[in-house]
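# Report on the structure
So you can see what is in the structure, the chains are spelled out below.
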Amino acid sequence: MKTLTIIQPDDWHVHVRSGAILKAVIAHTARQFARAIIMPNLKPPITTMEQALAYRDEILQAVPAGLNFTPLMTLYLTAATTPEEIKRVADSEYVHAFKLYPAGATTNSDAGVANVKAIYPLLEALEKHDVPLLLHGEVTDAECDIFDREKVFIETYLVDVVKNFPNLRIVFEHATTQEAVEFVQASSNKIAATITPQHLLFNRNAMLAGSIRPHYYCLPIIKREKHRVALVEAATSGNAKFFLGTDSAPHLSHLKENSCGCAGCYSAHAAIELYAEAFETENALDKLESFASFNGPDFYRLPRNTTTIILKQEPWQVPATYGTGDLSITPLKANEMLRWKIQ
Ligand code: DOR
Ligand code: ZN
């Protein structure tokens, strides 16, 4: 039986929510990842150090005994964020970055940034204090086609941000297009990107051909095949600018199987296994460890993990749902077989 031993990976972009959903999902993340960058888009959003530390405590309380897991907290950048808060984050050992959501781009992004230019003084403070900026890179203009929103964000905002703040460290979160890959490749080593399992494994036909499959619906939306191919090439290239970020985003099943369904794919139940499938299909399993376990900590200037995980080639069937009672979360690849299993 084929096995693969790698240094324990981290998830550089995950939504674990709070309350009952947090309790239902956190073990999935904590059993495979040593650390994870926790997204701040709760209701209300995590905008202050105090909120982030309280949220961190709630997460640690929910981690089952025996699992060693470190949440890496982030703050939600708003027009009301102050340079003083940015300085506090720079000095904190628990909070690692700010997340910028364009207002209205996705789930719980109403408090996001309506005008990127207007927050340039905050980007200056992030650059000065060397705090990473995590970007949801999509424009929100109603007239802009949803499949073009990432590309247009790069042209309209990101080129200018990078020119004005050359030392600002930026993670282009959940890159979904060839244009994003090319932009990151052509930029300085201050610019990196995370890539999700769904954007490596599927193109938009998986979501839309023949029937509509809401569990593939996330934002930025899954694109056409040429973009998936560009993402796979980037992830498996060994280029240190690309690293693992699942964007696992749990929603209750009935809120996705809905006439106005929520955006977000739940992948924490099998994240490293899903990435292993994508890398294996590309004959690039030897590149999985750098993507999953080295490039992220190197970019965030954190030590690499020293523990290891073992993946075994052992087929298993993903459950239809996770959760108990009326809490039901439908995972990516529900009811389907996976080829790899973490030990
Ligand atoms: O699909 C998404 N879901 N994209 C995001 O950016 C947010 C996330 C969520 O929080 O559900
Ligand atoms: Zn996300």
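Here's what I pulled together on the structure shown here. Since the structure is predicted, the reported quantities are computational estimates derived from the model, not experimental observations.

### Thoughts on the overall build of the chain
Looking only at helices and strands, the chain features twelve helices and eleven strands. Against the compact-globule benchmark of 20 Å for 343 residues, the chain has a radius of gyration of 19 Å, which places it among compact chains. Structurally, the chain occupies a C-alpha span of about 55 × 45 × 40 Å along its principal axes. Residues classed as buried in the chain amount to 57% of the 343 residues present. Here the chain displays about 13,700 Å² of accessible surface, and carbon together with sulfur accounts for 50% of that area. One finds the centroid of the 32 positive side-chain charges in the chain at a distance of 2 Å from the centroid of its 38 negative side-chain charges.

### Remarks on unusual backbone geometry
Cis rather than trans, the peptide bond between Lys 43 and Pro 44 has omega equal to -5°. Note the cis peptide between Leu 219 and Pro 220, where omega equals -5°. A positive phi angle is found at Asn 283, which is not glycine, with a value near 60°. Looking at where Asn 283 falls in the secondary structure, it is placed in the loop between α11 (271-281) and α12 (288-300).

### A look at helix α5 (residues 149-164)
The end-to-end C-alpha distance of α5, which contains 16 residues, comes to 22 Å, matching closely the 22 Å that a straight helix rising 1.5 Å per residue would cover. Burial in α5 covers these residues: Arg 149, Glu 150, Phe 153, Ile 154, Leu 158 and Val 161. Looking at the buried side of α5, the elements it contacts are α4 (120-129), β6 (133-135), β7 (170-172) and α6 (178-186).

### Some remarks on the coordination of the zinc ion (ligand 2)
The coordination sphere of the zinc ion (ligand 2), as far as protein atoms go, consists of His 13 (NE2), His 15 (NE2) and Asp 247 (OD), spread over 2.0 Å. Between consecutive donor residues of the zinc ion (ligand 2), the sequence gaps follow H-x1-H-x231-D. Of this pair, His 15 sits in the loop between β2 (11-14) and α1 (19-30) while Asp 247 sits in the loop between β9 (242-244) and α10 (253-256), placing them 232 residues apart in sequence. Across this residue pair, the class does not change: His 15 and Asp 247 are buried.

### Side note on the sheet that holds strand β10 (residues 308-317)
Strand order in this open sheet of three strands is β1-β10-β11, and the pairing throughout is antiparallel. This sheet does not close on itself; its edge strands, each paired only once, are β1 (3-7) and β11 (337-342). In this sheet, neighbouring strand axes are inclined to one another by 35° on average, regardless of whether the strands run parallel or antiparallel. Taken together, the five bridges between β10 and β11 define a ladder with antiparallel strand orientation. The residue bridging Gln 317 from the neighbouring strand is Met 337, located in β11. Together, β1, β10 and β11 form the strand contacts of α11, whose direction differs from that of β11 by roughly 115°.

### Points about the packing of α11 against α12
Contact geometry of α11 with α12 gives a least axis separation of 9 Å together with a crossing angle of 140°. Classified by the angle their axes make, α11 and α12 are oblique. Between α11, through Ile 272, Tyr 275, Ala 276 and Phe 279, and α12, the contact on the second element is made entirely by Leu 288, Phe 291 and Ala 292. For the contact of α11 with α12, a count of residues per class yields seven nonpolar, no polar and no charged.

### Looking at the side chain of His 136
Looking at where His 136 falls in the secondary structure, it is placed in the loop between β6 and α5. At 2.8 Å, the side chain of His 136 forms a polar contact with the side chain of Glu 138. A distance of 3.4 Å separates polar atoms of two side chains, one belonging to His 136 and the other to His 174. In this view, His 136 contacts Lys 99, Leu 100, Tyr 101, Pro 102, Ala 105, Thr 106, Phe 153, His 174, Leu 219 and Pro 220; residues no more than four positions away in its chain are not counted.

Definitions and cut-offs
- Residues numbered from 1 in each chain as written.
- Chains lettered and ligands numbered in written order.
- Predicted model: local features only at pLDDT ≥ 70, side-chain atom pairs only at ≥ 80, totals over all residues.
- Heavy atoms only, no water.
- Helix = DSSP H or I, 4+ residues; strand = E, 2+ residues; numbered from the N terminus.
- Rg over C-alpha atoms; globule rule 2.2 N^0.38 Å.
- Buried < 20%, exposed > 50% of the residue type's maximum accessible area, 1.4 Å probe, protein only.
- Areas by Shrake-Rupley, 256 points an atom, 1.4 Å probe, with all protein chains shown as cover.
- Lys, Arg positive; Asp, Glu negative; His and termini not counted.
- Charge placed at Lys NZ, Arg CZ, Asp CG, Glu CD.
- Expected span 1.5 Å × (residues − 1).
- Contact = heavy atoms within 4.5 Å.
- Donors = N, O, S within 2.8 Å, 3.2 Å for Na, K, Ca; no water.
- Pairing = 2+ DSSP bridges.
- Axes fitted to C-alpha atoms, helices over the stretch in contact; angles between N-to-C directions.
- Parallel < 35°, antiparallel > 145°, perpendicular 65-115°, else oblique.
- Nonpolar A, V, L, I, M, F, W, Y, C, P; charged D, E, K, R; others polar.
- Polar contact = N/O pair within 3.5 Å; in protein donor to acceptor, adjacent residues only side chain to side chain.

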